[in-house]
Amino acid sequence: MSKAILQLDALSCPSCMQKIQGALKKQAGVETVKVLFNAAKVKAEFDADRISADQLSNTVTDLGYEVKSMKVK
């Protein structure tokens with residue numbers, strides 16, 4: 001299982017957090033997603049054979065949020 005931490009530019013409201021979390025959970029290969037509102041971070045565990053960290057980042061970007069940095073373990 002791989003892990004990714006996406007640092008976002010900002011989250012302006014709790015519904016933004018739910019929107020991101022919901023979209024990522026729908027992606028095949030994503031096991032867990034946790035959005036930290038105050039830190040503007042997304043933590044995800046995923047199966048790297050089914051989805052890449054770049055695809056996770058692209059999903060967040062497609063929702064209209066800026067991903068400032070990404071760490072993958």
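Note that this is a predicted model, so its numbers are computed, not measured.

So what's going on with the overall build of the protein chain? Residues and values would help.
Of the regular secondary structure elements, the protein chain holds two helices and four strands. Taken from the N to the C terminus, the helices and strands of the protein chain come in the order β-α-β-β-α-β. In terms of overall size, the protein chain behaves like a compact globule, its C-alpha atoms giving a radius of gyration of 11 Å where 73 residues would be expected to give roughly 11 Å. When contacts within the protein chain are restricted to residue pairs at least 6 apart in sequence, those whose partners lie at least 24 apart make up 62%. If you sum the accessible surface of the protein chain, you get close to 4500 Å²; carbon and sulfur atoms cover 45% of it. In the protein chain, the 11 positive side-chain charges and the 8 negative ones have mean positions that sit 8 Å from each other.

Can you lay out the state of the cysteines for me, pointing to particular residues and giving the numbers?
Applying the stated criterion to the full structure yields zero disulfides. C16 carries a free sulfur, and the closest cysteine sulfur to it, the one in C13, is 3.0 Å from it.

Break down the pairing of strand β3 (residues 41–46) for me, citing the residues and quoting the values.
Looking down a regular strand, the side chains alternate between one sheet face and the other. What you see with β3 is a clean split: V42, A44 and F46 sit on the buried side and K41, K43 and E45 on the side with no burial. Where strand β1 (residues 2–8) meets β3, six bridges bridge the pair, whose relative direction is antiparallel. Paired with Q7 across the two strands is K41, which belongs to β3. Bridge count between strand β2 (residues 30–36) and β3: six bridges; the pairing is antiparallel. Its bridge partner lying in β3, T32 is registered against E45. Between β2 and β3, which pair antiparallel one after the other, the connecting turn spans four residues, and A40 there sits at a positive phi close to 55°.

Explain the packing of helix α1 (residues 14–25) against helix α2 (residues 53–62) residue by residue, including any values.
The contact between α1 and α2 brings their axes to 10 Å, and the two run at 140°. With respect to their mutual orientation, α1 and α2 come out oblique. α1 and α2 meet at a crossing whose hand is right-handed. Of the residues in α2, those touching α1 at I20, A23 and L24 are L56, T59 and V60. Partitioning the contact of α1 with α2 into residue classes produces five nonpolar, one polar and no charged.

Conventions used here
- Residues numbered from 1 in each chain as written.
- Predicted model: local features only at pLDDT ≥ 70, side-chain atom pairs only at ≥ 80, totals over all residues.
- Heavy atoms only, no water.
- Helix = DSSP H or I, 4+ residues; strand = E, 2+ residues; numbered from the N terminus.
- Rg over C-alpha atoms; globule rule 2.2 N^0.38 Å.
- Contact = heavy atoms within 4.5 Å.
- Areas by Shrake-Rupley, 256 points an atom, 1.4 Å probe, with all protein chains shown as cover.
- Lys, Arg positive; Asp, Glu negative; His and termini not counted.
- Charge placed at Lys NZ, Arg CZ, Asp CG, Glu CD.
- Disulfide = S-S within 2.5 Å.
- Buried < 20%, exposed > 50% of the residue type's maximum accessible area, 1.4 Å probe, protein only.
- Pairing = 2+ DSSP bridges.
- Axes fitted to C-alpha atoms, helices over the stretch in contact; angles between N-to-C directions.
- Parallel < 35°, antiparallel > 145°, perpendicular 65-115°, else oblique.
- Left-handed = near helix turned anticlockwise from the far one by under 90°.
- Nonpolar A, V, L, I, M, F, W, Y, C, P; charged D, E, K, R; others polar.

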